[in-house]
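Observations on the three-dimensional arrangement
Single-letter residue listing:
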Protein chains: 2
Amino acid sequence: MKKLINDPRAVVDEAVAGMAAAHPGLLTVHTDPTFLVRADAPRQGKVALVSGGGSGHEPLHGGFVGHGMLDAAVPGAVFTSPTPDPILAATQAVDGGAGVLHIVKNYTGDVLNFETAADLAAAEDIQIRSVLVADDVAVKDSLYTAGRRGVAGTVLVEKIAGAAAERGDDLDGVTGIAERVIANVRSMGVALTAPTVPHAGEPSFDIGEGEIEIGIGIHGEPGRERIPIEPADAIVDRILGPILDDLPFSEGDRVLLFVNGMGGTPLIELYIAFRHAAQVLEQRGLTLERSLVGNYTTSLEMQGFSISVLRLDDELVELWDAPVQTAALRWGR
Amino acid sequence: MKKLINDPRAVVDEAVAGMAAAHPGLLTVHTDPTFLVRADAPRQGKVALVSGGGSGHEPLHGGFVGHGMLDAAVPGAVFTSPTPDPILAATQAVDGGAGVLHIVKNYTGDVLNFETAADLAAAEDIQIRSVLVADDVAVKDSLYTAGRRGVAGTVLVEKIAGAAAERGDDLDGVTGIAERVIANVRSMGVALTAPTVPHAGEPSFDIGEGEIEIGIGIHGEPGRERIPIEPADAIVDRILGPILDDLPFSEGDRVLLFVNGMGGTPLIELYIAFRHAAQVLEQRGLTLERSLVGNYTTSLEMQGFSISVLRLDDELVELWDAPVQTAALRWGR
């Protein structure tokens, strides 16, 4: 596996420096400890959103820092949770007096380290709430996780809760919106190839030339089963069925369909998957109201994709449509 | 090479159908022949922009159809020029009486087929102009090309000329802006791996585990040399030097720096490359005013990247910043 890097130990710091150089109007980067905040932080009177986790999932989370989404992102080493120190420092840096919401993906290390940071922040009289994203229906308990894993649905939580904070909702309100997204989103993924962690230098798992892993995690954690590769439509059926049955989504539901690339899958293939997923939604009587297609929660260069489906209501649609200005997700009115 | 596809012959049609399903407010898809137009086409009195070329470079060009950028995109088969028929049909569909600009990447097939379509459109009294993008400094003449190849700089031409058309410039004016971008942008790329065309089923070229190709084309055409892999910063130096020397860019120039992923390279690596490229610009006395980082002109799942540098002036900055609403590039005010 060839990589476009310098020192494997400098990957995160150099990438963060690149983000700072590319997006000076959006982001400010802090080092020692490492975290990114929106350029205009702290915003007085606005609830601040902080997320983070292991690196290697870019643009998650640093690409989502900015107006209408996150106030700070805390990148750990590749596939490794950030320690409490930078989480605390980021929380302090963005607190504008209205409280801070931590958006945490359900991995044991993330949960523990965000909890510790939240306790330390609370001891400094910062109001703190936390929400836990656990949208992956593939497996219960996994490498690094008790319960379900948090995967690409996190992007939707960050966008929609970020819009609620931007319109001026208070901490309970923003937390409630985040919890509503979490309650209504379900995801599942597939891998065609394995990612290689830079300092490891070897693929995270072995997968045969003709095989795919159904229910893969975003760190290459095992899923439900290893099967021979199938046509795209059949693969979509295999992961979309369990997603729709889980909530369950019902006829008449309005949904956002998110086809997320894992990093190494061409966009042309993601749209092929989207096409069939949209057909399945229609067959089930669901109404496709909003869409997102692209590489938003990746696993380094892994080939594969995930599908997330979010059940919408009028308020969630309004918050989804609200302006956002981040490196990776941006639109206006 | 595993792919997320159904029938290899249906790849383009299914992906285009996926785009239509994902972006109904932005795009309308025509089949037989296949092309995409913005949902509100034709816009009376606005100069219309049409681009196209072989598929496999997504989001180029379909992802750039919408307000402030292209009026139509014409996708050929993977790595194969579209025929004159769909180019003509797209031209007719978007003509709003103010004329149509064809933005053509310099490949022999594209040049011929766009010329034929332009002749046919002119015979129907549609005012037509064409510009040829040839930004790749790596090689002169290549597989499929006489002269220099058109690569990722095309995205910048489409964005900036699209903004000029949107603000109401006439056909000569929009053409002049496109030509100014073309005159001031230079690019070069590197491949770490080879892409695999779906119906071919084999990688387009052989490249060793420890090798990279300097000056690669976006169809995997040979570049300048094959060398052992180096640290990212050294690779950036190898391609950025020739780019800067070519125009040449001079001390005091204001520039847009675009680090483009070829499809299979993680975003975290693109930012590592951006970081060093920005350092080199600073050392050369250039002023980094605008940035773009991501997968915008790809070569299927090829790992690699290109750098484009565009010399800016006040008007080009204003047009770059103007609102754009497309599937792949979108921002507001």
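All values reported here derive from a predicted model rather than from experimental measurement.

**Quick word on the sheet that holds strand β4 (residues 72-78) of chain B**
All names here are of chain B. With respect to topology, 6 strands assemble into an open sheet ordered β1-β2-β4-β3-β5-β6, the strand pairing being mixed. Each edge of the open sheet carries a strand with a single partner, namely β1 (27-30) and β6 (128-133). Adjacent strand axes in the sheet meet at a mean angle of 20 degrees when their direction is disregarded. Judged from the 5 bridges that link them, strand β3 (residues 48-55) and β4 form a sheet pairing that is parallel. When the bridges of β4 are listed, serine 55 appears paired with valine 78. The strands touched by helix α1 (residues 11-22) are β1, β2 (35-38), β3 and β4; relative to β4, the strand with the most contacts, the crossing angle is about 150 degrees. Each of β2, β3, β4, β5 (100-105) and β6 is contacted by helix α2 (residues 84-94), which is oriented at about 15 degrees to β2, the strand it contacts most.

**Let's talk about the interface of chain A and chain B**
With 56 residues of chain A at the contact, the number on the chain B side is 56 residues. Here chain A meets chain B over a buried area of about 4700 Å², counting both sides, of which 64% is carbon and sulfur. The largest share of the area that chain A buries against chain B comes from Lys2, Leu4 and Ile268 of chain A, three residues that together contribute 20% of it. Scanning the region where chain A abuts chain B turns up 4 salt bridges. The closest approach of N and O atoms between arginine 275 of chain A and glutamate 14 of chain B, which form a salt bridge, is 3.7 Å. On inspection of chain A and its partner chain B, the count reaches 20 residue pairs in polar contact (both at pLDDT 80 or more). Of all the elements, helix α7 (residues 267-283) of chain A adds the most residues to the side of chain A that touches chain B, at 9 residues. For the side of chain A that touches chain B, the per-class residue count stands at 30 nonpolar, 14 polar and 12 charged.

**Structural notes on α7 of chain A**
Residue and element names in this part refer to chain A. For α7, which comprises 17 residues, the first-to-last C-alpha distance of 24 Å matches the rise-based estimate of 24 Å (1.5 Å per residue) to within 8%. Summarising burial for α7: 14 of the 17 residues are buried, a large majority. The first or second residue beyond α7 is glycine 285, which carries a positive phi of 85 degrees.

**Let's talk about the pairing of strand β12 (residues 304-311) of chain B**
For a regular strand, side-chain orientation follows a simple rule: the groups alternate between the two sheet faces. Residue and element names in this part refer to chain B. Within β12, 7 of the 8 residues are buried, which leaves it mostly tucked inside the rest of the structure. Here strand β7 (residues 185-191) runs beside β12; their pairing, made up of 7 bridges, is antiparallel. The residue bridging methionine 188 from the neighbouring strand is isoleucine 307, located in β12. Where strand β10 (residues 254-261) meets β12, 7 bridges bridge the pair, whose relative direction is antiparallel.

**Things to note about the sheet that holds strand β6 (residues 128-133) of chain A**
All names here are of chain A. In spatial order, the strands read β1-β2-β4-β3-β5-β6; together these 6 strands make up an open sheet with mixed pairing. In the strand order of this sheet, the two ends are held by β1 (27-30) and β6, each with one partner. Each adjacent strand pair in this sheet contributes to an overall mean axis angle of 20 degrees, direction not counted. With 4 bridges joining them, strand β3 (residues 48-55) and strand β5 (residues 100-105) adopt parallel strand pairing. The residue bridging serine 51 from the neighbouring strand is isoleucine 103, located in β5. Seen against the sheet, helix α1 (residues 11-22) touches β1, β2 (35-38), β3 and β4 (72-78) and runs at an angle of roughly 150 degrees to β4.

Cut-off values and rules
Residues numbered from 1 in each chain as written. Chains lettered and ligands numbered in written order. Predicted model: local features only at pLDDT ≥ 70, side-chain atom pairs only at ≥ 80, totals over all residues. Heavy atoms only, no water. Pairing = 2+ DSSP bridges. Helix = DSSP H or I, 4+ residues; strand = E, 2+ residues; numbered from the N terminus. Axes fitted to C-alpha atoms, helices over the stretch in contact; angles between N-to-C directions. Contact = heavy atoms within 4.5 Å. Buried area = accessible area lost by both parts, 1.4 Å probe. Salt bridge = Lys/Arg side-chain N within 4 Å of Asp/Glu carboxyl O. Polar contact = N/O pair within 3.5 Å; in protein donor to acceptor, adjacent residues only side chain to side chain. Nonpolar A, V, L, I, M, F, W, Y, C, P; charged D, E, K, R; others polar. Expected span 1.5 Å × (residues − 1). Buried < 20%, exposed > 50% of the residue type's maximum accessible area, 1.4 Å probe, protein only.

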